[in-house]
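Residues per chain are reported as follows:
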Amino acid sequence: MLRLERYRSNVARFCFHYQQARYEHHKTVLAIRREDVSVWERRAPLAPRHVRELTSEGVKVLVQPSNRRAIHDKDYVKAGAIIQEDISESSLIVGVKRPPDAKLIPKKTYAFFSHTIKAQEANMGLLDEILEKEIRLIDYEKMVDQKGLRVVAFGQWAGVAGMINILHGLGLRFLALGHHTPFMHIGMAHNYRNSSQAIQAVRDAGYEIALGLMPKSIGPLTFVFTGTGNVSKGAQEVINELPCEFVEPHELKEASETGDLRKVYGTVLSRHHHLVKKNKGWYDPQEYDLYPELYTSRFNTDIAPYTTCLINGIYWDPQMPRLLNRQDAQRLLAPVKSPENEKVTEGCPVLPHKFLGICDISADTGGSIEFMTECTTIDMPFCMYDADQHFTHDSVEGSGILICSIDNLPAQLPIEATEYFGDRLFPYIWEMLLSDASVLFEKQEGFSPVVRDAVIASNGALTKKYEYIQKLREVRENKKYTGHKNVGMFI
């Protein structure tokens with residue numbers, strides 16, 4: 001709160017000096033665009049209380065009408081916004097996800113998640129349209145502080161929704177393996193009016209676990225959380241509603257073999273727990289940041305064999321070591337030997353293998369989980385990966401590892417996610433309103449480094465920091481050309 005007030009004070013001083021110029025060059029009008037790319041996208045970048053603060057300061061706010069948006073239009077009207085389809089009057093247009101190419105308005109400033117910074121092929125058409133229409137694009141994903149940490153994100157709510165979903169998925173998977181568990185009474189996150197209702201369902205399941213109602217033949221359940229950021233913290237908030245005991249990674253083996261069945265166990269995995277140098281050496285954080293290719297992960301041997309479910313929330317880059325590949329998955333799917341003193345019957349089977357599921361909240365296809373090559377969806381949230389056949393199928397039955405890798409998890413809890421995201425975006429809205437897309441980017445005044453460094457394109461060109469995107473595109477096109485040429489040699 002103190003940071004917010006200090007920031008507003010700085011912006012207010014700036015606005016005092018430049019107020020006349022602001023209103024001479026363009027009217028201060030902000031538009032909240034309608035989300036129209038996904039049927040499940042019910043979020044908005046700002047909530048009515050954020051709009052109220054803007055309108056009370058004389059900012060005109062336009063909101064495109066939407067029956068799909070979880071927050072009703074009338075709540076924005078009460079906050080002083082104007083509901084109308086035409087938003088061409090605005091100088092700043094904010095959204096959550098990308099607009100359709102045809103709906104981009106030339107020479108405006110847009111802010112949304114563009115998913116272009118890795119030259120993602122699916123979004124290069126969007127980027128070309130932005131360049132052609134001389135749009136100034138601010139990408140939330142690149143709004144970072146001095147430490148490189150994102151300041152505007154939905155991370156926590158991705159973690160909350162993802163954890164709720166995978167508990168539901170585990171209930172289905174256990175049932176397919178012959179076990180009714182308390183997880184069967186937990187639904188998908190979007191089936192609850194809000195997170196409080198979902199959390200209550202998790203608590204109820206936890207109460208049954210504490211009473212000893214988990215089938216004994218499945219053994220202690222262990223959950224591994226990768227990373228220590230907001231995604232991981234959000235997921236941990238949910239599992240803490242179960243009778244969960246957190247242990248250190250080196251204690252996971254014992255917990256998975258002899259743990260109390262009236263509990264579940266969790267561990268939080270940081271880099272130093274599983275990364276080692278390839279040429280035999282300990283993890284050095286400074287060196288890893290510079291040369292991640294010098295390291296390898298021991299997750300597959302030291303942690304995964306004692307894991308029931310992996311909750312993955314880490315950022316991954318192609319230079320970084322993976323957590324799991326196909327060969328690792330094959331080993332993890334090896335049958336588990338039941339203890340000699342444990343009586344096993346057809347009606348009370350043991351699990352076919354310890355490692356049952358992955359909730360890949362990072363949703364980075366072909367990333368830290370190599371065999372997660374396609375995201376699942378809210379409509380079809382789960383798939384099974386059969387490592388032996390290297391095949392993915394939609395049923396929770398059969399052989400394989402259960403995977404949930406939805407890439408828009410916060411959309412399942414849209415009202416709370418909107419308020420959370422808006423709280424983080426709002427302090428930067430004031431300076432974003434100063435943006436005039438017709439002015440050369442180098443001459444644009446009033447941007448802090450957080451906003452300036454997040455501008456991907458302006459005035460019909462990539463900004464200097466993001467010129468590498470074009471190089472990545474050229475490399476990919478060259479590879480395609482070489483590939484086609486080589487194929488032609490064998491025809």
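Residues numbered from 1 in each chain as written. Predicted model: local features only at pLDDT ≥ 70, side-chain atom pairs only at ≥ 80, totals over all residues. Heavy atoms only, no water.

Peer 1: What is the right way to look at the side chain of serine 217 in this model?
Peer 2: When you line up the elements, serine 217 lands in the loop between helix 6 (195-210) and strand 7 (221-226). When its relative accessible area of 13% is taken as the criterion, serine 217 is described as buried. A distance of 2.8 Å separates the side chain of serine 217 from the backbone oxygen of proline 349, its partner in a polar contact. (Helix = DSSP H or I, 4+ residues; strand = E, 2+ residues; numbered from the N terminus. Buried < 20%, exposed > 50% of the residue type's maximum accessible area, 1.4 Å probe, protein only. Polar contact = N/O pair within 3.5 Å; in protein donor to acceptor, adjacent residues only side chain to side chain.)

Peer 1: Before we go on, may I ask you to explain the nonpolar core in this structure?
Peer 2: Here is a general trend for soluble globular proteins: nonpolar side chains tend to be buried in one another's company. By size, the foremost hydrophobic cluster in this structure holds 113 residues, and its most contacted members are Leu30 and Phe223. Of the residues forming this core, the biggest block, 10 residues, is contributed by helix 5 (residues 155-176). Apart from the residues within four sequence positions on either side, leucine 30 is in contact with Leu46, Leu54, Val59, Lys60, Val61, Leu62, Ser90, Leu92, Val94, Ile429 and Leu433. Counting 26 residues, the second largest nonpolar core, distinct from the first, contains Tyr265, Ala304, Leu310 and Phe355. (Core = buried A, V, L, I, M, F, W, Y, C linked by side-chain atoms within 4.5 Å. Contact = heavy atoms within 4.5 Å.)

Peer 1: Mind showing me how you'd approach the pattern of salt bridges here?
Peer 2: A side chain of one charge can pair with a side chain of the opposite charge when the charged atoms of the two come close. In the structure shown here, the tally under the stated rule is 22 salt bridges. Taking the shortest distance from any N to any O, the salt bridge between arginine 271 and aspartate 289 comes out at 3.1 Å. Linking arginine 271 in helix 9 (residues 271-274) with aspartate 289 in helix 10 (residues 285-290), this pair joins segments that are 18 residues apart in sequence. Judged by its relative accessible area of 55%, aspartate 289 is exposed. Two residues, glutamate 370 and arginine 322, come together in a salt bridge whose shortest N-O distance is 3.9 Å. You can see glutamate 370 sitting in the loop between strand 13 (357-360) and strand 14 (383-386) and its partner arginine 322 sitting in the loop between strand 12 (309-312) and helix 12 (326-332), a full 48 residues away along the chain. The network of salt bridges with shared partners includes Arg33, Glu35, Asp36 and Lys103. (Salt bridge = Lys/Arg side-chain N within 4 Å of Asp/Glu carboxyl O.)

Peer 1: Sorry if this is basic, but what is going on with the packing of aromatic side chains here?
Peer 2: How two aromatic rings sit relative to each other is given by the distance of their centres and the angle of their planes. A full pass over the atoms with the stated rule returns 14 aromatic pairs. Taking the centre distance of 5.4 Å and the plane angle of 85° together, the rings of tyrosine 288 and tyrosine 295 count as edge-to-face. Taking the relative accessible area as the measure of exposure, tyrosine 295 reaches 1% and is therefore buried. Between phenylalanine 371 and tyrosine 385 the ring centres are 4.5 Å apart and the planes differ by 5°, which places this aromatic pair in the stacked class. Of this pair, phenylalanine 371 sits in the loop between strand 13 and strand 14 while tyrosine 385 sits in strand 14; the two residues are 14 residues apart in sequence, bridging distant segments of the chain. The same class applies to phenylalanine 371 as to tyrosine 385, namely buried. Pairwise contacts between aromatic rings join Phe113, Tyr140, Phe154 and Phe421 into one cluster. The ring centre of phenylalanine 154 lies 4.3 Å from the NZ or CZ of arginine 43, which sits over that ring. (Phe/Tyr/Trp six-rings, centres within 6.5 Å; stacked < 30°, edge-to-face > 60°. Lys NZ or Arg CZ within 6 Å of the ring centre and 35° of its normal.)

Peer 1: What is the right way to look at unusual backbone geometry in this model?
Peer 2: Negative phi characterises most residues that are not glycine, and trans characterises most peptide bonds. Non-glycine residue glutamate 134 carries a positive phi angle of around 55°. Take glutamate 134: it is sitting in the loop between helix 4 (124-132) and strand 6 (136-139). For glutamate 134, a relative accessible area of 33% gives the class partly exposed.

Peer 1: Sorry if this is basic, but what is going on with the sheet that holds strand 13 here?
Peer 2: Pairing between sheet strands relies on hydrogen bonds along the backbone, with the strands arranged either parallel or antiparallel. Strand order in the open sheet made by the 8 strands is 8-9-7-12-13-16-14-15, with mixed pairing throughout. Whereas interior strands pair on both sides, the edge strands pair on one side only; in this sheet they are strand 8 (244-246) and strand 15 (391-393). The sheet shows a mean angle of 25° between the axes of neighbouring strands, direction not considered. Together, strand 7, strand 8, strand 9 (264-269) and strand 12 form the strand contacts of helix 7 (residues 230-239), whose direction differs from that of strand 7 by roughly 155°. (Pairing = 2+ DSSP bridges. Axes fitted to C-alpha atoms, helices over the stretch in contact; angles between N-to-C directions.)

Peer 1: Whenever I open this one, helix 5 confuses me. Can you help?
Peer 2: Each α-helix turn comprises 3.6 residues. Residues three or four places apart therefore point the same way. Helix length check: helix 5 (22 residues) gives 31 Å between terminal C-alpha atoms against 32 Å at 1.5 Å per residue, within 8%. The buried fraction of helix 5 amounts to 19 of the 22 residues, a majority that puts the element mostly inside the structure. Looking at the residues trailing helix 5, positive phi occurs at glycine 178, about 100°. (Expected span 1.5 Å × (residues − 1).)

Peer 1: Please explain the sheet that holds strand 6 as it appears in this structure.
Peer 2: Taken in spatial order, the 8 strands line up as 3-2-1-4-5-6-17-18 in an open sheet, and their pairing is mixed. Each having just a single partner strand, strand 3 (82-83) and strand 18 (461-462) make up the two edges of the open sheet. Pairing geometry for strand 4 (residues 92-94) and strand 5 (residues 109-112), over 3 bridges, is parallel. Each bridged residue has a counterpart across the sheet, and for valine 94 the counterpart in strand 5 is alanine 111. With respect to the sheet, helix 13 (residues 414-432) is in contact with strand 1 (29-32), strand 4, strand 5 and strand 6, its orientation differing from that of strand 4 by roughly 160°.

Such coordinate-based values are descriptive only and should not be taken to indicate function.
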